[in-house]
Amino acid sequence: MVDATLVRVREDRPFRVAWRRIRQNRVTLSGFAIIAVMVVCALFAPWIAPYPPLQGNASETLQPPSLSHLFGTDSIGFDIFSRTVYGARYDLVIAFGAVAIALVVGCAFGAIAGFVGRVVDEVVMRVMDMLSAFPSFILALGVVAALGPSLPNLIFAIAFVNVPVYARLLRSRMLTVREAQYVRAAIALGLSRRRVLFVHVLPNSWAPIFVQSTLQAGYAILEAAGLSFIGLGVRVPKPEWGVMINMGLQYIVSGQWWITFFPGTAIALTVMGFNLIGDGLQDVLDPRRR
Amino acid sequence: MTAEPLLEVHGLATSFATPRGPVKVLDGLDLEIGRGEILGLVGESGSGKSVTAYSILRLVRPPGRVVGGQVLLEGRDLLALSERQMRDVRGKEISMIFQDPRGFLDPVARVGSVLEEIYRTHEGGSRTEAKARALELLRAVGLPAPERVRRAYPHELSGGMAQRAMIALALACSPKLLIADEPTTALDVTIQIQIVRLLASLRERLGLTILLITHNLSVVAEVCDRVAVMYAGEIVEVAPAHEVFGRPLHPYTVGLLGARPRISVVEERLSDIGGRVPDLHELPSGCRFHPRCFLGDDRCRAEHPALRRLAPAHQSRCHYAEQLGEDAA
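Every chain is numbered independently, its residues counted from 1 as its sequence is written. Chain A is the first chain written and ligand 1 is the first ligand written, with later ones labelled in order. pLDDT decides what is reported in this predicted model: residues at 70 or higher carry local features, side-chain atom pairs at 80 or more are listed and counted, and totals for whole chains, interfaces and linings draw on all residues regardless.

**Brief notes about the overall build of chain A**
Formally: Comment: elements are numbered from the N terminus, with helices defined as DSSP H or I runs of at least four residues and strands as E runs of at least two. Think of it as a crowd count around each C-beta: if 20 or more other C-beta atoms lie within 10 Å the residue is buried, if 12 or fewer it is exposed, and in between it is partly exposed, with C-beta placed from the backbone throughout. Residues are scored as being in contact if the C-beta atoms we place from backbone atoms lie within 7 Å.
Helix and strand counts for chain A stand at 12 helices and 0 strands. Reading the helices (α) and strands (β) of chain A from amino to carboxyl end gives α-α-α-α-α-α-α-α-α-α-α-α. Taking the principal axes of the C-alpha coordinates as reference, chain A spans close to 80 × 50 × 25 Å. For chain A, the residues scored as buried account for 43% of the 290 residues in total. The long-range fraction of contacts in chain A, counting pairs at least 24 apart against all pairs at least 6 apart in sequence, stands at 69%.

Written as structure tokens, this is what we have:
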């Protein structure tokens with residue numbers, strides 16, 4: 001009979017296996033490290049930040065970086081380091097919140113379109129086309145402008161513009177997987193189309209959806225910071241990175257670069273972190289490459 | 001074979017819409033499979049073997065469509081069932097296994113999870129029961145370390161093991177009929193024999209009936225009780241296996257046997273059948289095989305032969321079947 005040693009079955013749990021793969025991939029690992037630092041900042045901001053984020057010191061305005069103010073102070077006397085740490089709260093909440101909502105809603109639309117097909121597919125996908133025909137920043141801007149600037153509205157607006165991304169992605173995965181031989185086999189063995197959706201199609205679609213999500217989280221931060229920068233989103237003087245750049249804008253020319261530099265760097269690092277994670281995640285999530 | 005056959009196919013016709021008009025891939029196909037029998041369905045690529053299997057299970061996908069006939073499973077016409085009822089037939093009464101076992105197993109699902117899903121779909125029951133059944137099946141198909149295979153992903157299995165796992169999936173709900181579509185084609189020769197013997201032993205142990213689709217005549221000789229030979233969408237000869245090999249009554253079967261490699265004739269060139277399976281858009285007049293047949297004459301060009309019963313268990317669709325029989329004798 002067949003030699004038992006031919007079975008190369010890993011005894012590990014899936015998460016363990018995934019984690020081992022992540023550790024071996026330096027690019028992804030550095031992405032995770034960056035995001036982990038940002039998450040720690042967000043969670044423990046009150047303990048990390050040496051000053052309250054919304055308490056200015058009128059006698060110490062526009063101070064350059066020093067030991068007492070690591071990143072310097074702005075025109076109101078706010079400590080830039082403290083505000084940058086607190087800013088992680090806003091921007092990560094916006095990124096995760098917007099992506100989570102867009103993922104759930106977009107996948108639902110994509111699944112309905114791909115599963116029902118015909119007229120429903122046409123209608124749903126043409127609406128998605130219309131949404132993605134707008135530049136996403138302009139569309140988000142319009143949504144926030146219509147709803148009024150607030151944190152929940154900002155999250156909603158960014159989620160809204162990301163819905164078509166997920167709807168398209170899941171639908172196209174469904175069209176591909178639907179033709180797969182294992183789906184034929186499952187139907188030949190009596191599974192209903194709905195069970196096939198949950199047992200085969202969705203599990204075969206998670207990997208690209210996760211990868212896309214890390215990229216979308218990066219874009220979400222850019223959009224959130226951009227909207228807050230122009231005053232539609234988180235409002236001055238709250239410690240959000242886009243708001244902070246806005247507040248320091250007029251001081252760039254007079255040489256007080258630190259007011260904009262540090263929140264800008266925080267945005268760039270976080271976006272880069274998400275992108276690095278996305279780069280390696282495809283490999284990690286594919287069981288064939290374990 | 002005195003009792004009522006398990007599966008009777010009458011006048012099954014399946015056509016595919018093409019830009020050049022509809023094509024009848026199956027044209028009035030008749031087939032009977034007795035309980036506990038292994039029927040081999042042989043023919044060249046494109047003769048309609050797989051379409052027959054998919055038509056029986058009503059899995060022909062557009063642009064293909066079953067356009068006529070009856071498929072009676074224990075007297076019940078499957079073509080008349082609703083899609084909902086048909087779903088209960090698939091997997092539970094008729095199951096199917098495929099050519100490329102690894103392609104037909106989901107790459108991101110563990111073998112056990114699919115197996116248990118199929119079992120629970122048809123039989124209900126708890127997860128514990130499904131797990132026990134999965135282990136029982138994986139053991140029954142001769143897989144070593146069933147507990148490990150149950151948690152394995154398909155890429156972790158060898159081709160032979162994957163085919164055994166596929167067979168376990170197909171048997172999850174104790175079907176009466178197993179349709180095996182080229183189950184050995186993608187495997188190494190040594191593994192082919194193992195899989196074929198496994199099918200034969202499952203027939204003995206489970207009283208399974210098997211429709212074995214293949215173009216490998218060695219496989220047919222190894223396990224089949226009867227053989228049906230297909231050509232251009234029609235059955236051209238049906239007979240017990242030993243008669244097909246010993247006394248073929250259709251020139252196409254004669255040609256197939258001649259094209260089979262044998263150790264004893266290494267010196268000679270393999271004989272082949274000239275030409276190829278006809279374009280179904282432009283079927284030859286009369287007998288569909290006549291342009292390639294060593295017997296083809298005016299009668300064959302003009303008159304389409306019927307499938308005639310020449311002996312109680314032997315049917316042939318050739319005008320000159322009797323002469324072939326005499327020549328062989």
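**Some points on the overall build of chain B**
Counting its regular elements, chain B contains 12 helices and 12 strands. Counting only C-alpha atoms and orienting by the principal axes, one finds that chain B spans roughly 65 × 50 × 45 Å. Every one of the 329 residues in chain B was classed for burial, and the buried ones make up 47%. If you take every contact in chain B between residues at least 6 apart in sequence, the share linking residues at least 24 apart comes to 63%.

**Quick notes on the pairing of strand 1 (residues 7-18) of chain B**
Residues and elements named next belong to chain B. Defined as follows: Each pair of strands is called paired provided DSSP finds at least two bridges between the two strands.
Note that strand 1 and strand 2 (residues 21-33) share 9 bridges and pair antiparallel. Residue pairing for strand 2: Leu-7 is matched across the bridge by Ile-33. If you look at the hairpin formed by strand 1 and strand 2, you'll find 2 residues sitting between the two strands. As paired elements, strand 1 and strand 4 (residues 64-73) share 8 bridges and run antiparallel to each other. The partner of Ser-15 across the bridge, within strand 4, is Arg-65.

**Observations concerning the environment of Gly-75 of chain B**
Residue and element names in this part refer to chain B. By secondary structure assignment, the location of Gly-75 is in the loop between strand 4 and strand 5 (76-77). Accessibility expressed as a C-beta count within 10 Å gives 8 for Gly-75, which makes it exposed. Spatially, the C-alpha atoms of Gly-75 and Val-149 are 38 Å apart, while their sequence positions differ by 74 residues.

**A look at the interface of chain A and chain B**
Here is the rule: Each residue is assigned to one of three groups, with Ala, Val, Leu, Ile, Met, Phe, Trp, Tyr, Cys and Pro labelled nonpolar, Asp, Glu, Lys and Arg labelled charged, and all others, Gly among them, labelled polar.
Taken residue by residue, the interface counts 23 residues in chain A and 37 residues in chain B. The element contributing the most residues to the side of chain A that touches chain B is helix 8 (residues 181-188) of chain A, with 5 residues. A breakdown of the residues in the side of chain A that touches chain B according to their chemical character gives 15 nonpolar, 5 polar and 3 charged.

**A few points about the nonpolar core**
Stated formally: What makes a nonpolar core is a set of buried Ala, Val, Leu, Ile, Met, Phe, Trp, Tyr and Cys residues, with links drawn between C-beta atoms within 7 Å.
In this structure, Ile-158 of chain A together with Ala-165 of chain B are the most contacted members of the largest nonpolar core, which totals 169 residues. No other element matches helix 4 (residues 80-116) of chain A, which puts 17 residues into this core. Contact partners of Ile-158 of chain A, with chain neighbours within four places excluded, come to Ile-94, Ala-98, Ala-140, Ala-220, Glu-223 and Ala-224 of chain A. With 5 residues, the next largest nonpolar core counts Leu-249, Cys-318, Ala-321 and Leu-324 of chain B among its residues.

**As for the sheet that holds strand 1 of chain B**
Strand order in this open sheet of 4 strands is 2-1-4-5 (chain B), and the pairing throughout is antiparallel. Only two strands of the sheet have a single partner each, and these edge strands are strand 2 and strand 5 of chain B.

**A short note on the pairing of strand 10 (residues 234-240) of chain B**
All names here are of chain B. Counting buried residues in strand 10 gives 6 out of 7 residues, a clear majority hidden from the surface. Where strand 9 (residues 226-231) meets strand 10, 6 bridges bridge the pair, whose relative direction is antiparallel. Each residue of the ladder has a partner; that of Tyr-231, found in strand 10, is Glu-234. Taking the residues between adjacent antiparallel strands as the criterion, strand 9 and strand 10 are bridged by 2 residues, where Ala-232 takes a positive phi near 50 degrees. Two strands pair when backbone bridges link them, and strand 10 and strand 12 (residues 314-316) are joined in this way by 2 bridges, in the antiparallel orientation. Bridging across to strand 12, Glu-237 finds its partner in Ser-316.

**Let's talk about unusual backbone geometry**
A negative phi angle characterises most non-glycine residues, just as the trans form characterises most peptide bonds. Residues Val-236 of chain A and Pro-237 of chain A are joined by a peptide bond in cis, for which omega reads 5 degrees. Inspection of the secondary structure puts Pro-237 of chain A in the loop between helix 10 (206-229) and helix 11 (241-248). Here the residue pair Pro-62 of chain B and Pro-63 of chain B is connected by a cis peptide bond, since its omega of 10 degrees sits within 30 degrees of zero. A positive phi angle, close to 55 degrees, is found at Arg-58 of chain B, a residue other than glycine.

**Concerning the sheet that holds strand 6 (residues 94-97) of chain B**
Pairing between the strands of a sheet comes from backbone hydrogen bonds, and it takes one of two forms, parallel or antiparallel. Residue and element names in this part refer to chain B. The line we're drawing: An axis is simply a line fitted to the C-alpha atoms; with a helix, the fit covers only the stretch in contact. Between two such axes, the angle follows the N-to-C directions and lies from 0 to 180 degrees.
Ordered by their spatial adjacency, 8 strands build an open sheet running 6-7-8-3-9-10-12-11, and the pairing between neighbours is mixed. This sheet does not close on itself; its edge strands, each paired only once, are strand 6 and strand 11 (308-311). This sheet shows a mean twist of 20 degrees between the axes of neighbouring strands, independent of strand direction. Two elements, strand 6 and strand 7 (residues 177-181), share 4 bridges in a ladder whose sense is parallel. Of the residues in strand 7, the one forming a bridge with Ile-94 is Leu-177. Contacts between helix 6 (residues 159-170) and the sheet are confined to strand 6 and strand 7, with strand 6 contributing the most and set at about 165 degrees to the helix.

**Things to note about the packing of helix 4 of chain A against helix 7 (residues 151-178) of chain A**
In a packed pair of helices, the relevant descriptors are the angle between the two axes and the axis-to-axis distance. All names here are of chain A. What counts is decided by this rule: Reported orientations rely on four angle classes, namely roughly parallel under 35 degrees, roughly antiparallel over 145, roughly perpendicular from 65 to 115, and oblique for the rest. Here a crossing is taken to be left-handed if its near helix is turned anticlockwise relative to the far helix by less than a right angle, and right-handed if that turn runs clockwise.
Axis separation between helix 4 and helix 7 bottoms out at 6 Å; the angle between their running directions is 40 degrees. For the element pair helix 4 / helix 7, the angle class is oblique. Remark: the crossing between helix 4 and helix 7 carries right-handed chirality. Broken down by class, the residue content of the contact of helix 4 with helix 7 amounts to 25 nonpolar, 5 polar and 2 charged.

**Notes on the confidence of the model for chain B**
As a reminder, the rule being used: On a scale of 0 to 100, pLDDT captures the predictor's confidence in every residue.
Residue-level pLDDT values for chain B average 84, and 94% of them are 70 or greater. For this predicted complex, the interface score ipTM comes out at 0.80, while the overall pTM is 0.77.

**A short note on the packing of helix 6 (residues 136-147) of chain A against helix 7 of chain A**
Residue and element names in this part refer to chain A. Where helix 6 contacts helix 7, the axes come no closer than 9 Å and their chain directions differ by 145 degrees. For the pair helix 6 and helix 7, the sense of crossing is right-handed. Across from Ser-136, Leu-139, Ala-140, Val-143, Val-144 and Leu-147 in helix 6, the residues of helix 7 making contact are Asn-153, Leu-154, Ala-157, Ile-158, Phe-160 and Val-161. Residues belonging to the contact of helix 6 with helix 7 are distributed by class as follows: 10 nonpolar, 2 polar and no charged.

**Section: helix 2 (residues 26-43) of chain A**
All names here are of chain A. Short version of the rule: In this analysis, the expected span of each helix is defined as 1.5 Å times one less than the number of residues it contains. Think of it as the arc spanned by the lines of direction from the helix axis to the C-beta atoms.
Relative to the 26 Å expected for 18 residues at 1.5 Å per residue, helix 2 spans 25 Å between its end C-alpha atoms, a close match to the ideal helical length. The complete set of buried residues in helix 2 reads Thr-28, Gly-31, Ile-35 and Met-38. Along helix 2, the residues classed as buried sweep out an arc of 90 degrees about the axis, all on the same side. Of the exposed residues in helix 2, those oriented more than 90 degrees away from the buried face are Arg-26 and Ala-36.

**Quick word on the confidence of the model for chain A**
Residues and elements named next belong to chain A. Summing up the model confidence of chain A, the mean pLDDT is 86 and the portion of residues at 70 or higher is 92%. Mean pLDDT in chain A bottoms out at helix 1 (residues 14-24), which sits at 71, and peaks at helix 4, which reaches 92. Ignoring residues within four places in sequence, the model shows residues 1-12, a span with pLDDT below 50, making 22 contacts including any to other chains.

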